[in-house]
Amino acid sequence: KGHYDNGLEIYTNPSSPVLTLSANDGHATFTGNILKTGSLTIDCSADISLDADDGGPVRFKDGGTQYASIYKSSSNAVIDTTGDFTIDAVGDAVEF
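Undergrad: Help me out: how do you make sense of the overall build of the chain in this one?
TA: Along the chain, the regular secondary structure elements total 0 helices and 7 strands. Counting over 96 residues, the chain shows a buried share of 6%. Considering only contacts within the chain whose residues lie at least 6 apart along the sequence, 0% involve residues at least 24 apart. Taken as a whole, the chain presents about 8,600 Å² of accessible surface, with 49% of it coming from carbon and sulfur.

Below, the structure written as structure tokens:
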């Protein structure tokens, strides 16, 4: 429910939209989580940006259990894992 001139808002309760699509700036704003059964593909013709404010981590999970995160510490990018850290490269050998 809830349409406005330059986009669309979808509500699950009267006071707070859960999805806002804006025709003016091309942005989609979500509140809450995106849940999907099966695979989810993000495919675009240019860059994909993940932006977590205040150095917030980007978390990687499998079955709800976190196994890694990437976050900003000062001016450094930190990769944090819960187990061993392995980089597997095809072609020239990369070892750590």
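Once the structure has been displayed, the description carries forward.
Undergrad: Help me out: how do you make sense of a nonpolar patch on the surface in this one?
TA: A cluster of nonpolar residues, Phe 60, Tyr 67, Ile 70, Ile 79, Phe 85 and Ile 87, forms a patch on the protein surface that exposes about 540 Å² of accessible area. By secondary structure assignment, the location of Tyr 67 is in strand E6 (residues 65–73). Classification of Tyr 67 as partly exposed rests on a relative accessible area of 42%.

Undergrad: Before we go on, may I ask you to explain the packing of aromatic side chains in this structure?
TA: Each aromatic ring pair is summarised here by two numbers: the centre-to-centre distance and the angle between the ring planes. In this structure the tally under the stated criterion is 1 aromatic pair. On the numbers, 6.4 Å between centres and 45° between planes, the contact of Phe 60 with Tyr 67 is tilted.

Undergrad: I would appreciate a short explanation of the pairing of strand E5 (residues 58–62) in the present structure.
TA: If a strand is regular, its side chains alternate between the two faces of the sheet. The buried fraction of E5 amounts to 0 of the 5 residues, a small share that puts the element mostly on the outside. Where E5 and E6 come together, 5 bridges link them in antiparallel fashion. Bridge pairing in E6 links Asp 62 to Thr 65. In sequence, E5 turns back onto E6 through a hairpin of 2 residues, with Gly 63 there showing a positive phi of about 60°.

Undergrad: I would appreciate a short explanation of the sheet that holds E5 in the present structure.
TA: Within a beta sheet, neighbouring strands are joined by backbone hydrogen bonds and run either parallel or antiparallel to one another. Reading across from one edge, E5-E6-E7 is the order of the 3 strands in this open sheet, with antiparallel pairing throughout. A strand with exactly one partner marks an edge of an open sheet, and here the two such strands are E5 and strand E7 (76–81). Within this sheet the neighbouring strands show an average axis-to-axis angle of 15°, counted without direction.

Undergrad: Is there a simple way to explain the environment of Ser 69 in this structure?
TA: Locating Ser 69 in the fold gives a position in strand E6. Each C-alpha atom, one on Ser 69 and one on Arg 59, is 4.3 Å from the other, the two residues being 10 residues apart in sequence. Residues within four places of Ser 69 in sequence aside, it is in contact with Pro 57, Val 58, Arg 59, Phe 60, Val 78, Ile 79 and Asp 80.

Undergrad: Would you mind showing me how to read unusual backbone geometry here?
TA: Where the residue is not glycine, phi is negative for most of them; where a peptide bond is considered, it is trans in most cases. The phi dihedral of Ser 74 falls on the positive side, at around 55°, and the residue is not glycine. Here Ser 74 falls in the exposed class, since its relative accessible area comes to 65%.

Undergrad: What is the right way to look at the pairing of E7 in this model?
TA: Here 6 bridges tie E6 to E7, and the two strands are oriented antiparallel to one another. Each bridged residue has a counterpart across the sheet, and for Tyr 71 the counterpart in E7 is Val 78.

Calculation rules
- Here the residue index of a chain counts from 1 through its sequence in written order.
- Side-chain atom pairs in this predicted model are given and counted only at pLDDT of 80 or more, local residue features only at pLDDT of at least 70, and totals for whole chains, interfaces and linings cover all residues.
- Side-chain metrics rest on all non-hydrogen atoms present in the structure, leaving aside hydrogens and water.
- Going along the chain from the N terminus, every DSSP run of H or I of four or more residues is numbered as a helix, and every run of E of two or more is numbered as a strand.
- Throughout this description, buried means an accessible area under 20% of the type-specific maximum (1.4 Å probe, protein chains only), exposed means over 50%, and partly exposed covers the range between.
- Any two residues having at least one pair of non-hydrogen atoms within 4.5 Å are treated as being in contact.
- Accessibility throughout is a Shrake-Rupley quantity obtained with a 1.4 Å probe, and a residue counts as covered only by protein chains that appear here.
- A patch consists of residues exposed above 30% relative accessible area that lack any salt bridge, with like charges linked at up to 9 Å and nonpolar side chains (Val, Leu, Ile, Met, Phe, Trp, Tyr) linked at up to 5 Å.
- One side-chain nitrogen of Lys or Arg within 4 Å of one carboxyl oxygen of Asp or Glu is enough to make a salt bridge.
- When the centres of two rings from Phe, Tyr and Trp lie within 6.5 Å, Trp using its six-membered ring, the rings pair. Their planes under 30 degrees apart give stacked, over 60 give edge-to-face, and anything left gives tilted.
- By the convention used here, strands pair only if DSSP detects at least 2 bridges between them.
- Every axis in this analysis is a line fitted to C-alpha atoms, fitted for helices over the stretch in contact. Angles between the N-to-C directions lie between 0 and 180 degrees.

Geometric values such as these leave the question of function open.
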